[in-house]
Amino acid sequence: MIFQIFLIAFGLFAILKTIRQYRAKKVSLYWLLLWCLLWLSVVIVALMPQTTDVLAEYVGVEKGADLLVYVAIVILFYSIYRILIRSEKQNKELTELVRKIAKLEAKRKD
Amino acid sequence: MKIVAIIPAYNEEERVAAAIADAARFVDDVVVVDDCSKDRTGEAAFESGAYLLQHVINRGQGAALQTGTEFALEYLGADIVIHFDADGQMCGEDIEAVTEPIIKGEASVVLGSRFLGARSNMPLGRWLTLRCGLLFTAMVSGIKVTDTHNGFRALSRNAAQDIKITIDRMAHASEILDLIKAKKLVYVERPVKIRYSEETLAKGQSFFGAFIVIKDFFKAKFFDEL
């Protein structure tokens, strides 16, 4: 019960926070909708945990809670993959930038 | 023929001046790329009269070599680029031997080798690691050389333009071999002497370092194309 209340409170807090950031133009509408959708579903699942069982049964997983964990892990791994790719790209760009500065500021004692 | 030596240097304050002086006797210009050293490597190189290029953020030896090579090609109009070490392991006298095939038009890439002629005082552990490197390179890059991770090499202007090092860290040596094969560059090997001392051994590639090289190489080969 405590955990449910905590989840709902946190979900609402996250939604409020995102709306505030959207108003301050710190995040785009896309992110606002995405985060709201995510946290709304968290709140719904917290309120009615049995809803996930229906979905779980449909896709062939025993319990709704298990399904949530599986989905979460898949999303997490994919996010890490995306971040790694991006970091690799930024590393390359950083090298290019450092190289450009080095070439422009080359010096020699006369 | 304008010959330019590229010396990537990281924390080589004590040794870089000697390396510059050693190489300078056999080349037209020396370019030192200070890879954001924590000591006074940059000042030491500048005082020695070399061109000094400084990475404002440490990017690794491969990146430093590429920076120096681009500078030599674009700003100094180099005809031959030499990759040389800052730590005094290499001998300037060998520069003549590695540039000769390019001057004569026999090859566009000359690779230094520690195993041809066997003139070095190489420790056994290092020998074994390097032999494994050969096997690895022959399998992945399909190029047969006697020494894969020798940093001593000479590139003709065209070869230097063709070989763009994208692996910033140590695996760039494998990448260069890969590119030689891919771009169908004519290469030869020449024996060079590498001096091993306690000091340079501590800084060089350890056996475990080899795993990082392999990881970086595979990452660049397969992962970066995504």
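Criteria and cut-off values
Residues numbered from 1 in each chain as written. Chains lettered and ligands numbered in written order. Predicted model: local features only at pLDDT ≥ 70, side-chain atom pairs only at ≥ 80, totals over all residues. Heavy atoms only, no water. Helix = DSSP H or I, 4+ residues; strand = E, 2+ residues; numbered from the N terminus. Expected span 1.5 Å × (residues − 1). Buried < 20%, exposed > 50% of the residue type's maximum accessible area, 1.4 Å probe, protein only. Arc of directions from axis to C-beta. Contact = heavy atoms within 4.5 Å. Buried area = accessible area lost by both parts, 1.4 Å probe. Salt bridge = Lys/Arg side-chain N within 4 Å of Asp/Glu carboxyl O. Polar contact = N/O pair within 3.5 Å; in protein donor to acceptor, adjacent residues only side chain to side chain. Nonpolar A, V, L, I, M, F, W, Y, C, P; charged D, E, K, R; others polar. Pairing = 2+ DSSP bridges. Right-handed = clockwise from strand over helix to strand, strands pointing away. Axes fitted to C-alpha atoms, helices over the stretch in contact; angles between N-to-C directions. Patch = residues over 30% accessible without salt bridge, like charges linked within 9 Å, V, L, I, M, F, W, Y side chains within 5 Å. Areas by Shrake-Rupley, 256 points an atom, 1.4 Å probe, with all protein chains shown as cover. Domains from an automatic or database assignment.

**Student:** Any chance you could break down helix α5 (residues 124–140) of chain B for me, citing the residues and the numbers?
**Tutor:** All names here are of chain B. Between the first and last C-alpha of α5 there are 25 Å, a value that for 17 residues agrees with the 24 Å anticipated at 1.5 Å per step. Buried within α5 we find R126, T129, L130, G133, L134, F136 and T137. Positive phi shows up at G142, right after α5, with a value of about 70 degrees.

**Student:** If you had to explain the environment of G133 of chain B to someone new, which residues and values would you point to?
**Tutor:** Examined against the element boundaries, G133 of chain B turns out to sit in helix α5. Once the C-alpha coordinates of G133 of chain B and I214 of chain B are considered, the two residues, 81 residues apart in sequence, prove to be 9.0 Å apart.

**Student:** For helix α1 (residues 16–24) of chain B, give the residues involved together with the corresponding values.
**Tutor:** All names here are of chain B. Turning to α1, its buried residues are V16, A19, I20, D22 and A23. Burial along α1 is one-sided: seen end-on, the buried residues are contained in an arc of 165 degrees. Check the buried side of α1 and you find it contacts β1 (3–9), β2 (29–34), α2 (41–47) and α4 (94–103).

**Student:** Mind laying out the interface of chain A and chain B, listing which residues take part and the relevant values?
**Tutor:** In this assembly, 19 residues from chain A lie in contact with 27 residues from chain B. The contact between chain A and chain B buries some 2100 Å² in all, and 57% of this surface belongs to carbon and sulfur atoms. Ranking the residues of chain A by area buried against chain B places R99, K103 and R108 of chain A at the top, with a combined share of 30%. Between the two partners, chain A and chain B, sit six salt bridges. One salt bridge in this structure joins E70 of chain B and R99 of chain A, with 4.0 Å as the shortest N-O distance. There are eleven residue pairs in polar contact (both at pLDDT 80 or more) connecting chain A and chain B. Split into classes, the residues belonging to the side of chain A that touches chain B amount to eight nonpolar, two polar and nine charged.

**Student:** Go over the pairing of strand β3 (residues 51–54) of chain B, please, and point to the residues and values.
**Tutor:** All names here are of chain B. Alignment of β2 against β3, held across four bridges, turns out to be parallel. Across the sheet, V33 pairs through a bridge with L53, a residue of β3. Handedness of the β2-α2-β3 crossover: right-handed.

**Student:** Pulling in residues and values, what's your account of the pattern of salt bridges?
**Tutor:** All names here are of chain B. Enumeration according to the criterion identifies 15 salt bridges over all chains in this entry. We note a salt bridge from K104 to E100, for which the minimum N-O separation is 3.1 Å. Given a relative accessible area of 35%, E100 falls into the partly exposed group.

**Student:** Break down the sheet that holds β1 of chain B for me, citing the residues and quoting the values.
**Tutor:** Residues and elements named next belong to chain B. A sheet is described by the order of its strands in space; here seven strands give the open sequence β3-β2-β1-β4-β6-β5-β7, paired in mixed fashion. Only two strands of the sheet have a single partner each, and these edge strands are β3 and β7 (187–191). In this sheet, neighbouring strand axes are inclined to one another by 20 degrees on average, regardless of whether the strands run parallel or antiparallel. Pairing geometry for β1 and β2, over six bridges, is parallel.

**Student:** Describe a nonpolar patch on the surface, listing the residues and the values that go with them.
**Tutor:** Judged by side-chain polarity, V69, Y70, I73, F77, I80 and L84 of chain A come together as a nonpolar surface patch covering roughly 610 Å² of accessible area. Tracing the sequence through the fold places L84 of chain A in helix α4 (residues 64–104).

**Student:** Describe in detail the environment of S141 of chain B, supporting the description with residues and values.
**Tutor:** Residues and elements named next belong to chain B. Residue placement: S141 occurs in the loop between α5 and β6 (153–156). Considered as a pair, S141 and L179 are 38 residues apart in the sequence and their alpha carbons are 8.8 Å apart. If we skip the residues at most four places from it in the chain, S141 touches S174, D178, K181 and F217.

**Student:** Describe the domain arrangement of chain A, naming the residues involved and giving the relevant values.
**Tutor:** Interface size is commonly expressed as the accessible area that is lost once the parts come together. Structurally, chain A comprises domain 1 (1–48) and domain 2 (63–110). Computed from C-alpha coordinates alone, the two centres of domain 1 of chain A and domain 2 of chain A are separated by 27 Å.

**Student:** Outline unusual backbone geometry, supporting the account with residue identities and numerical values.
**Tutor:** All names here are of chain B. One non-glycine residue, N11, lies in positive phi territory at about 50 degrees. Within the secondary structure, N11 sits in the loop between β1 and α1. Overall, N11 belongs to the partly exposed group, its relative accessible area being 25%. Look at C36: it is not a glycine, yet its phi comes out positive at around 60 degrees. Relative to the assigned elements, C36 resides in the loop between β2 and α2. The exposure class of C36 is partly exposed, given its relative accessible area of 29%.

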